[in-house]
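# Per-entry structural report
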Amino acid sequence: MKIGLTGGIGCGKSTAGQMFAKLGWQRTDSDEIVRELLTSDTDIHAAVRARWGDQCFLDNGSIDRTALARIVFNNKAELEWWEGVIHPSVRQTWEGAIECEP
């Protein structure tokens, strides 16, 4: 059985996910996937750099989530662009994880 757990900010998704994990369920967390992509995905880094330059990068080379949030959550067009970049990668990652789970 596969279950998708969705909801708004602060509604208890993480808590529910932790409860499933304690019961032994395999768990794939989209927020964790995004954090990993922001740290290491070179294609996403290139897209962000081409769109917004170095202002969205930390000294260690990962994407500065705070700077990114300032841009996308204050401009609907930028948010739509960003979702077009990040969502396909997140979906590909979690679909791959689901395929590998027993």
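Conventions used here
Residues numbered from 1 in each chain as written. Predicted model: local features only at pLDDT ≥ 70, side-chain atom pairs only at ≥ 80, totals over all residues. Heavy atoms only, no water. Core = buried A, V, L, I, M, F, W, Y, C linked by side-chain atoms within 4.5 Å. Buried < 20%, exposed > 50% of the residue type's maximum accessible area, 1.4 Å probe, protein only. Helix = DSSP H or I, 4+ residues; strand = E, 2+ residues; numbered from the N terminus. Contact = heavy atoms within 4.5 Å. Phe/Tyr/Trp six-rings, centres within 6.5 Å; stacked < 30°, edge-to-face > 60°. Lys NZ or Arg CZ within 6 Å of the ring centre and 35° of its normal. Patch = residues over 30% accessible without salt bridge, like charges linked within 9 Å, V, L, I, M, F, W, Y side chains within 5 Å. Areas by Shrake-Rupley, 256 points an atom, 1.4 Å probe, with all protein chains shown as cover. Salt bridge = Lys/Arg side-chain N within 4 Å of Asp/Glu carboxyl O. Arc of directions from axis to C-beta. Polar contact = N/O pair within 3.5 Å; in protein donor to acceptor, adjacent residues only side chain to side chain. Axes fitted to C-alpha atoms, helices over the stretch in contact; angles between N-to-C directions. Parallel < 35°, antiparallel > 145°, perpendicular 65-115°, else oblique. Nonpolar A, V, L, I, M, F, W, Y, C, P; charged D, E, K, R; others polar.

Let us look at the nonpolar core. Among the nonpolar cores identified, the biggest contains 17 residues, and I44, V48, W52, C56, I63, L68 and W82 are the most heavily contacted of them. Elements represented by at least two residues in this core include exactly α2 (30–40), α3 (42–52), α4 (65–72) and α5 (76–100). Non-local contacts of I44, meaning those with residues more than four positions away in its chain, are made with L37, I63, W82, V85, I86 and S89.

Let's shift gears to the environment of R35. Mapped onto the fold, R35 is located in helix α2. With 34 residues separating them along the chain, R35 and A69 place their C-alpha atoms 13 Å apart.

To continue, consider the packing of aromatic side chains. Under the defined criterion, the tally for this structure stands at 2 aromatic pairs. Their ring planes at 40 degrees and their centres at 5.0 Å tell us that F20 and W25 sit as a pair that is tilted. Look at W25 and you get partly exposed, because its relative accessible area is 33%. Their ring planes at 80 degrees and their centres at 4.9 Å tell us that W52 and W81 sit as a pair that is edge-to-face. Highlighted residues: W52 in helix α3 and W81 in helix α5, separated in sequence by 29 residues. Lying across the ring of F57, R49 places its NZ or CZ 3.7 Å from the centre.

A cluster of nonpolar side chains, M1, I3, L23 and W25, forms an exposed patch at the surface whose accessible area comes to about 510 Å². Structurally, W25 can be placed in the loop between α1 (13–22) and α2.

As a further point, take α4. Burial in α4 covers these residues: A67, L68, I71 and V72. One face of α4 carries all of its buried residues, which in axial projection span an arc of 120 degrees. Among the exposed residues of α4, those oriented more than 90 degrees off its buried face are T66 and R70. Tucked inside the fold, the buried residues of α4 contact α2, α3 and α5.

This next bit is on the side chain of D29. Checked against the element boundaries, D29 lands in the loop between α1 and α2. The class of D29 is buried, set by a relative accessible area of 17%. Polar contacts involving the side chain of D29 include one to the main-chain amide nitrogen of D31, which spans 2.7 Å.

Two quantities define a packed helix pair, namely the angle between the helix axes and the distance between the axes. Two numbers describe how α4 lies on α5: the axes approach to 7 Å, and their chain directions differ by 125 degrees. Judged by the inter-axis angle, α4 sits oblique to α5. Along its contact with α4, which presents L68, I71 and V72, the element α5 presents E78, L79 and W82. When the residues that make up the contact of α4 with α5 are grouped by side-chain class, the tally is 5 nonpolar, no polar and 1 charged.

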